[in-house]
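An overview of the molecular structure
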Amino acid sequence: MQKFKGILDGLHGDLTELADRISAMLDCPITIEDANHRLLSYSVHENLSDTVRISTIMNRRVPEKIINSLWKEGYMPALLKGSEPIIIPSLNDVEFGTRAAIAIKKNEEILGFIWALQSRDTFTDEQLSFLKFAAKEGKNQLLQAQRKKKRHQEYHQEFLWQLLTGHFQSEER
């Protein structure tokens with residue numbers, strides 16, 4: 001894990017940059033989801049995708065039929081219980097290409113998932129080790145992003161409250 005140190009430094013909650021850096025290290029497309037399978041970020045990757053990835057990006061959420069298939073085949077329980085990346089082979093009936101996946105956890109709480117779409121070759125042990133490292137580092141990035149989002153929502157709520165209660169005496173304020 002020490003050999004990966006520094007690769008994910010300086011992100012400050014930027015989940016898009018996190019996805020792009022993981023993608024660059026693994027040389028494959030990456031998606032990062034929250035615990036409810038809503039898309040948080042995805043990497044740019046030329047000429048390599050499958051219909052599930054495209055649908056996830058377009059709809060900002062993993063298709064329900066994919067989630068159901070992953071539960072039915074036992075992959076979701078394995079992700080939720082384990083701390084190691086797992087390889088999920090192609091599920092041809094739902095056009096799901098081979099992926100490596102890992103849960104992002106804080107203690108035992110699931111914060112999200114990192115999904116790596118297999119590109120040309122099978123995943124190496126080193127790539128899977130990096131994915132595990134990325135999930136640990138991703139925890140910090142997800143928590144930072146959540147804090148930023150919460151502060152932003154609180155600011156908007158306060159602003160709306162000030163508008164509703166007549167706190168602003170002029171239109172310029």
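Residues numbered from 1 in each chain as written. Predicted model: local features only at pLDDT ≥ 70, side-chain atom pairs only at ≥ 80, totals over all residues. Heavy atoms only, no water.

So, the sheet that holds strand S2 (residues 39–42)
Keep this limit in mind: Only strands that DSSP links by at least two bridges are regarded as paired with each other. Helix and strand definitions follow DSSP, with helices as H or I runs of at least four residues and strands as E runs of at least two, each counted in order from the N terminus. The axes used here are C-alpha line fits, helices contributing only the stretch in contact, and every angle between their N-to-C directions lies in the interval 0 to 180 degrees.
With antiparallel pairing, 5 strands are arranged side by side in an open sheet as S2-S1-S5-S4-S3. Looking at the sheet topology across the chains shown, the edges are occupied by S2 and strand S3 (86–88). Along the sheet, successive strands turn relative to each other by an average axial angle of 25 degrees, direction set aside. As defined by bridge partners, strand S1 (residues 30–34) adjoins strand S5 (residues 109–117) across 5 bridges and the pair is classed as antiparallel. Bridging from a neighbouring strand, Thr31 pairs with Trp115 of S5.

Here we look at empty space enclosed by the protein
Inclusion rule: Here a cavity denotes grid points, spaced 1 Å and computed from the protein atoms alone, that fit a 1.4 Å probe unable to get out, and a pocket denotes an open set having protein on both sides within 12 Å along at least 5 of 7 lines; residues with an atom within 4 Å of a point are the lining. Grid points are joined across faces, edges and corners, and a volume is the space filled by probe spheres set on the points. The residue classification treats Ala, Val, Leu, Ile, Met, Phe, Trp, Tyr, Cys and Pro as nonpolar and Asp, Glu, Lys and Arg as charged. All others, Gly included, are polar.
Counted under the stated rule, the structure contains 1 cavity of 30 Å³ or more. Within this model, the largest cavity holds a volume of roughly 100 Å³. In this structure, the largest cavity is lined by 13 residues; those nearest its centre are Glu33, Val52, Thr56, Val62 and Arg99. Contributing elements (two or more residues each) for the lining of the largest cavity: S1, helix H2 (51–59) and helix H3 (64–72). Here the lining of the largest cavity is built from residues that sort into 7 nonpolar, 3 polar and 3 charged.

What about the packing of aromatic side chains?
The following threshold applies: Only the six-membered ring of Trp is used, alongside the rings of Phe and Tyr, when aromatic pairs are assigned; centres must lie within 6.5 Å, and planes under 30 degrees apart are stacked while those over 60 apart are edge-to-face, with the rest tilted. The cut-offs for exposure are 20% and 50% of the maximum accessible area for each residue type, with area from a 1.4 Å probe on protein chains only; residues under the lower value are buried, those over the upper are exposed, and the others partly exposed. Whether a charge sits over a ring comes down to the Lys NZ or Arg CZ being within 6 Å of the ring centre and within 35 degrees of the ring normal.
Evaluation of the coordinates by the stated rule reveals 5 aromatic pairs. A centroid spacing of 5.1 Å and a plane angle of 75 degrees characterise the contact between Phe4 and Phe130, whose relative ring orientation is edge-to-face. A residue pair is termed long-range when its members are at least 10 positions apart, and Phe4 in the segment before helix H1 (15–26) and Phe130 in helix H5 (residues 125–164) qualify at 126 residues. Looking at Phe4, the relative accessible area reads 2%, which means it is buried. Residue Phe130 is classed as buried on the basis of its relative accessible area, which comes to 1%. On the basis of an interplanar angle of 90 degrees and a centroid distance of 6.3 Å, the ring pair of Phe96 and Trp115 is categorised as edge-to-face. Separated by 19 residues along the polypeptide, Phe96 in the loop between S3 and strand S4 (99–106) and Trp115 in strand S5 bring together distant segments of the chain. The exposure class assigned to Phe96 is buried, which follows from its relative accessible area of 4%. The positively charged end of Arg99 is found above the aromatic ring belonging to Phe96, 4.3 Å away from the centroid.

Describing the side chain of Glu33
Quick reminder of the rule: We score Asp and Glu as negative and Lys and Arg as positive, and we do not count His or the chain ends. A carboxyl oxygen of Asp or Glu within 4 Å of a side-chain nitrogen of Lys or Arg is what we treat as a salt bridge. By the criterion applied in these results, polar contacts are pairs of N or O atoms within 3.5 Å in which, for protein atoms, one can donate a hydrogen and the other can accept it, and in which residues neighboring in sequence qualify only through two side-chain atoms. In this analysis, two residues are considered to be in contact whenever any of their non-hydrogen atoms come within 4.5 Å of each other.
With respect to the secondary-structure elements, Glu33 resides in strand S1. Buried and unpaired, Glu33 has Arg99 as its nearest opposite-charge partner, separated by 7.0 Å. Among the polar contacts made by the side chain of Glu33, one reaches the side chain of Trp115 at a distance of 3.1 Å. When neighbours within four sequence positions are excluded, Glu33 is seen to be in contact with Arg38, Leu39, Leu40, Val62, Leu111, Gly112, Phe113 and Trp115.

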